[in-house]
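Observations on the three-dimensional arrangement
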Amino acid sequence: MDQFRLFPPQASTSSHEVDALFFALTLISLFFMAIIFLPIIFFSVKYRRGSSADRSNPSSGSFWVESGWTIGPIFLSLGLFAWSALAYFRLERRPANAIEVQVVGKQWMWKLQHAEGKREINELHVPVNSTVAMTMTSQDVIHSFFVPAFRVKQDVVPGRYTGIWFKPTRTGEYHIFCAQYCGTQHSQMVGRVVVMEPQAYENWLKSGEPTESIVLAGERLFHDRGCSGCHSPNSQFHAPLLQGLYRKPVPLADGTMATANDEYLRDSILQPAKQITAGYANIMPSFTGHLSEEEIMQLIAYLKYIGNQPPPSQ
Amino acid sequence: MSISISPASEEAFVGQQFDDIEQQRDAAKLGMWIFLATEVLFFGGLFLGYTIYRFTYGHIFVEASRKLDVLIGGTNTAVLLISSLLMAFAVRAAKLDQRRALVGLLAGTAVLGCVFMSLKGVEYHKDYVDHLVPRMGFKWEGADPGNAELFYWIYFAMTGLHAIHVTVGIGIMLVLTLLAWLGKFSHGNHNTVEIAGLYWHFVDIVWVFLFPLLYLVGHR
Amino acid sequence: MNGTTPAPETMKSATELVVERPGEFARENYLSIHRGVRAWLLTKDHKRIGLLYLGTILIFFLIASVAAALMRIELLTPQPKLVTSETYNKLFTIHGVLMVWFFLIPSIPTVLGNFVLPMMIGARDVAFPKLNLMSWYIFVAGGALALWSLIRGGVDTGWTFYTPYSTTYANTHVISMAAGVFVAGFSTIVTGINFIVTTHKMRAPGLTWFRLPLFVWSLYATSLIMVLATPVLAITLALISVERFWGVGIFDPKLGGDPVLFQHLFWFYSHPAVYIMILPGMGVISELITCFSRKRIYGYAWVGSASMAIAILGFMVWGHHMFVSSQSVYAGMIFSILSFLVAVPSGIKVFNWTATLHKGSIHFATPMLYALGFIGLFTIGGLTGLFLAALAVDVHVHDTYFVIAHFHYIMVGGMVMAFMGGLHYWWPKISGRLYPEFAGKLAAMITFIGFNLTFFPQFILGYLGQPRRYHIYPPEFQIFHVLSTAGASVLGIGYLMPLIYFIWSWRRGRAAGPNPWRATGLEWQTSSPPPEHNFEQTPIVTGPPYSYSAEKDVDLNLASI
């Protein structure tokens, strides 16, 4: 991790893609520097004051020349845009079947939790050649999760979920930085990713205290905090059932539709009146201030788990 | 009636950087229009914030809007519209060199501005008593009080910023009234009145947008 | 009076008006006519106001430079040696705030623009001289608020004031600093209004829009941005101040507010502000390149229109600061494509400056060295902008030293080089005296070398992943920081030299005469220093600008005058 280099290590699938674009841009830049700087140097010598160069009939503009160096760069930049946008699109689309990690940023540390329940602070252990997808939020200011060796970065914003994914291709240890200025110890909000062989990763997961998985923790919260009192088939209150809900369209009271994704579930817990499901009364209390960011994530993990089960017949 | 302006009297008002009063007049008017463009974008930030949250928290904004006093808001709309009319007549009076009418109309505009501000003060006090002021005893019985508080925050920010503009406008009107009374706007020197009028109309127009957005969204 | 055809007997081409009195110092001038502090503080003369601004922004430049120097010294080692993290964070905030709002934005418009814009269009003054003076007082008031905030302990939010850090979490004097920037913003707006009206209404007879010098075009485009973007910053800063004071507001996630909305509003101003900072510089370069290659500008209409295209497109690219902020993928794509396109008009300008050199007669006087340095550094800065417009690459380099290096190449390599070039070019007009040419050339070259040494390593550092605003950094990055700090000390010498010889030449320099560069602009068709109302008689323009001839060469060697 701590050795002098001119170029960052390429340790994920996306690093190759980003670097290819980077080198292409570098070549294009060198080309433009050449076609600008070489003529400047050449003219500076040839047309220096007092030289005997021919200065008759100087041109002060030509429509075709101007059009050429306007339209040429436009097409070039459209091409570059297309390339970079496609790469970005792939970077942003989160693959299915990934190892899930929940991340909460706070001043000034990264709190991470694996689906199996294992917790880490400022460290992330992942197996090589597996896709890792992280769901992130912040409990105070905006942070940004940045792993240079993977060429990925994503702001971590309070009040909403952001995601990032990567597929490490080389074992080793790499920097985690907070890239968005977040206060006094911003430069100490750093850590490391440890990319391990799959077997070593399995052993690491099992090491230490036995832990409760995120889904189980969420299920416990679902009962302890009284969610199950209403959101169950035999409740005396009329509340929507949550089995089979995840990623499904939800008709809302105002006639619009919403999709039951993480953001929707989060809003429903914290700002229940924002989106009322059609056919239900606005009776749910807000849980703002009653649940930590980690607990909300655990609840959502549980809702996802039951949300992928078939809905019970009523 | 016909008006005749002797060129000699005009000369007195022309700044040394200008060639003639025509150039000076055009410059001042253009300057005011550009300033108003600036003002539009100044308010624009708040209008953008309003629009975004109106879409995100639509029904809470509607509910929150119902608690505002439409009667006072509506009266204030009428007061400002009438004041704009007086201002327009004032500009005409200045052009026609009618000093007494000008003094009266400018003073009238200022008085209506004061009426607007007084009603605004009554309304703010009423909001305070009803616990609608964010952070100052804010209470909300319905769901998601945070989002409702957001609406009132925007309401106070927008109307407050507008009120500052009205206050500045009243100050300008009072100064102009005094100057008109002293006869400073005679002999074609009506430029100042005209550009002050542009400002006053702008303040009026902002309110014409604020009133429906804040008071009427709840009353369909 | 615009575009009216003058009577035939008064027709003269601009060059015929050149007053050939080499070495003559005008005794009766704008400086000598009224003396005393009172006369300066109540002046309505655009030239004196320009000098007031020059003095004021120099103070801010020096404070901000000291902050930069302290940071560069601190960064010599990976672990803290000199200052605590709190202090370091305040240092980069004060550096950013003062450099952006109290030096770069006012630099060329309020100093060179105020001084030469009315003269370039043959006017006696700007349209609103009292407002012009007022803008300086507003600026001083804003600066005083910012300094007050600094004296009370400073601010640690970064110049970007991101919420919710600035509204809720920072324990520093955010409100007074935001108020300082807010107030200074109104000074910018007033200057913008003044320049637009002046350009529209005050042009000399015969000076049609397409006969305007390109510096005027660029100031016009800049003023449009000033007038339309600055109010959005003003309301945004007002909102965060109220939110901080009140403890609640529209960016507050606890109410369901959106902290990212702040970023949209902030960059809606701050990206166009980048063009406020670079467009006037481009205008200066067009003046310098033509004068010192004795050529008409290549593609006048294209260079002028490019300024307007940049001003307009510049309003539509703010989202490229937010590719990783959680804005939608599709919004990111639109901002990306527009950001690529805004590079095109900048490219047009660079190509045209290069083509202007063709068949010229190139004099390597100090202003020309700065101009050539500008083209080199601006080209690198602009091309690295493409990396940042490219979505996938921006994800990696966003908020790293790559960005720092990129915008310093534009702001310092571009704007400051242009400002220095322009200051040298118009110094004989401003002071009536010549600066020492050899020292000038030396300083220009030292600046160029020092600049590259300071900021080029930061591109490598950024791609390696060094985030910006880091007080403590991993030890493997140290070598690049050491190079950068070494370069900064060279750069410092390059800036101190002109300061010394300008002050020296103010009294001691040899008299310049009305037109030492044999330039064709109207500002050179009057004595140096100019009289209070600029011209003995209003000039009449009959031809396009830049009527230079490379074939009939002249001697511009200042040492020989």
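Note: the structure precedes this text.
A brief report on the enclosed structure follows. (Residues numbered from 1 in each chain as written. Chains lettered and ligands numbered in written order. Predicted model: local features only at pLDDT ≥ 70, side-chain atom pairs only at ≥ 80, totals over all residues. Heavy atoms only, no water.)

The next thing to look at is the overall build of chain B. Tallying secondary structure elements over chain B gives seven helices and zero strands in all. Traced from its N-terminal end to its C-terminal end, chain B shows the element sequence α-α-α-α-α-α-α. Referenced to the eigenvectors of the C-alpha coordinate spread, the extents of chain B come out at roughly 70 × 30 × 30 Å. Restricting to contacts in chain B with at least 6 residues of sequence separation, those with at least 24 account for 79%. A total accessible area of about 9,900 Å² is found for chain B, and carbon and sulfur atoms account for 68% of it. Here chain B contributes 15 positively and 18 negatively charged side chains, and the mean placements of these two sets differ by 7 Å. (Helix = DSSP H or I, 4+ residues; strand = E, 2+ residues; numbered from the N terminus. Contact = heavy atoms within 4.5 Å. Areas by Shrake-Rupley, 256 points an atom, 1.4 Å probe, with all protein chains shown as cover. Lys, Arg positive; Asp, Glu negative; His and termini not counted. Charge placed at Lys NZ, Arg CZ, Asp CG, Glu CD.)

What follows concerns the overall build of chain C. Broken down by element type, chain C carries 15 helices and zero strands. Relative to the 2.2 N^0.38 estimate, which gives 24 Å for 561 residues, the radius of gyration of chain C is 23 Å and therefore close to what a compact globule would have. Projected onto the principal axes, the alpha-carbon positions of chain C cover approximately 75 × 50 × 45 Å. Per-residue burial over chain C gives 70% buried out of 561 residues. Sequence-distant contacts in chain C: of pairs separated by 6 or more residues, those separated by 24 or more amount to 84%. Looking at chain C as shown, the accessible area adds up to about 16,600 Å², and 69% of this sits on carbon and sulfur atoms. Taken together, the 34 basic and 24 acidic charged side chains of chain C have centroids lying 5 Å from each other. (Rg over C-alpha atoms; globule rule 2.2 N^0.38 Å. Buried < 20%, exposed > 50% of the residue type's maximum accessible area, 1.4 Å probe, protein only.)

Let us now look at the sheet that holds strand β2 (residues 109-114) of chain A. Residue and element names in this part refer to chain A. Strand order in the open sheet formed by five strands is β3-β2-β1-β5-β8, and the pairing between neighbours is mixed. Looking along the sheet, the strands with just one partner apiece sit at the ends: β3 (119-121) and β8 (162-166). On average, adjacent strands in this sheet sit at an angle of 25° to one another, irrespective of strand direction. (Pairing = 2+ DSSP bridges. Axes fitted to C-alpha atoms, helices over the stretch in contact; angles between N-to-C directions.)

This next bit is on the interface of chain C and chain A. With 89 residues of chain C at the interface, the matching set in chain A holds 87 residues. Summed over both sides, the interface of chain C with chain A buries roughly 7,500 Å², with 69% coming from carbon and sulfur. For the chain C face of the interface with chain A, the top three residues by lost area are Phe351(C), Lys359(C) and Tyr463(C), together amounting to 10%. Viewed at the interface, chain A and chain C are joined by one salt bridge. (Buried area = accessible area lost by both parts, 1.4 Å probe. Salt bridge = Lys/Arg side-chain N within 4 Å of Asp/Glu carboxyl O.)

We now examine the interface of chain B and chain A. Tallying the contact residues gives seven residues for chain B and seven residues for chain A. Of the roughly 500 Å² buried between chain B and chain A on both sides combined, carbon and sulfur atoms contribute 52%. Of all residues in chain B, the largest losses of buried area upon contact with chain A belong to His59(B), Ala143(B) and Asp144(B), amounting jointly to 64% of the total for that side. The interface formed by chain B and chain A includes zero salt bridges. Where chain B touches chain A, the interface holds zero residue pairs in polar contact (both at pLDDT 80 or more). Across the side of chain B that touches chain A, the residue classes break down as three nonpolar, three polar and one charged. (Polar contact = N/O pair within 3.5 Å; in protein donor to acceptor, adjacent residues only side chain to side chain. Nonpolar A, V, L, I, M, F, W, Y, C, P; charged D, E, K, R; others polar.)

Another point: the side chain of Thr135(A). All names here are of chain A. Along the polypeptide, threonine 135 turns up in strand β5 (residues 132-138). Of the polar contacts made by the side chain of threonine 135, one reaches the side chain of arginine 94; its length is 3.2 Å. Not counting chain neighbours up to four residues away, the residues in contact with threonine 135 comprise Arg94, Glu100, Val101, Gln102, Val103, Tyr161, Thr162, Asp262 and Met297.

What follows covers the side chain of Thr290(C). Here Thr290(C) is to be found in helix α8 (residues 259-293). When neighbours within four sequence positions are excluded, Thr290(C) is seen to be in contact with Lys295(C), Arg296(C), Ile297(C), Thr356(C), Tyr546(C) and Tyr548(C).

Turning next to the pattern of salt bridges. Residues and elements named next belong to chain A. A full pass over the atoms with the stated rule returns 18 salt bridges over all chains. Aspartate 19 serves as the salt-bridge partner of arginine 151, at 2.7 Å between the closest nitrogen and oxygen. With arginine 151 in the loop between β6 (143-147) and β7 (152-156) and aspartate 19 in helix α1 (residues 13-46), the pair connects residues that are 132 residues apart, well separated along the chain. Pair check on accessibility: arginine 151 and aspartate 19 agree, each one buried. Among the salt bridges present, the one from lysine 111 reaches glutamate 294, with a minimum N-O distance of 2.8 Å. With lysine 111 in strand β2 and glutamate 294 in helix α7 (residues 293-307), this pair connects stretches of sequence that are 183 residues apart. In this structure lysine 111 comes out as buried when scored by relative accessible area, which is 19%. Connected via shared salt-bridge partners are Glu123, Glu173 and Arg192.

What follows deals with the packing of aromatic side chains. We describe a pair of aromatic rings using the distance from one ring centre to the other and the angle between the two ring planes. According to the stated counting rule, one finds 86 aromatic pairs over all chains in the structure shown. Between the aromatic rings of Trp159(C) and Trp267(C), the centroid separation amounts to 5.9 Å while the plane-to-plane angle is 90°, which identifies the pairing as edge-to-face. On the criterion of sequence distance, the pair formed by Trp159(C) in the loop between α4 (129-151) and α5 (165-169) and Trp267(C) in helix α8 is long-range, its members being 108 residues apart. Trp267(C) matches Trp159(C) in its accessibility class, with the two residues each being buried. Geometrically, the ring pair formed by Trp209(C) and Trp217(C) is tilted, given 5.7 Å between the ring centres and 55° between the ring planes. On the basis of relative accessibility, which here comes to 23%, the residue Trp209(C) falls in the partly exposed class. Taken together, the aromatic side chains of Phe7(A), Phe22(A), Phe23(A), Phe387(C), Phe402(C), Tyr409(C), Phe451(C), Phe455(C), Phe456(C), Phe459(C) and Tyr463(C) make up a single cluster linked through ring pairs. (Phe/Tyr/Trp six-rings, centres within 6.5 Å; stacked < 30°, edge-to-face > 60°.)

By themselves these figures say nothing about function.
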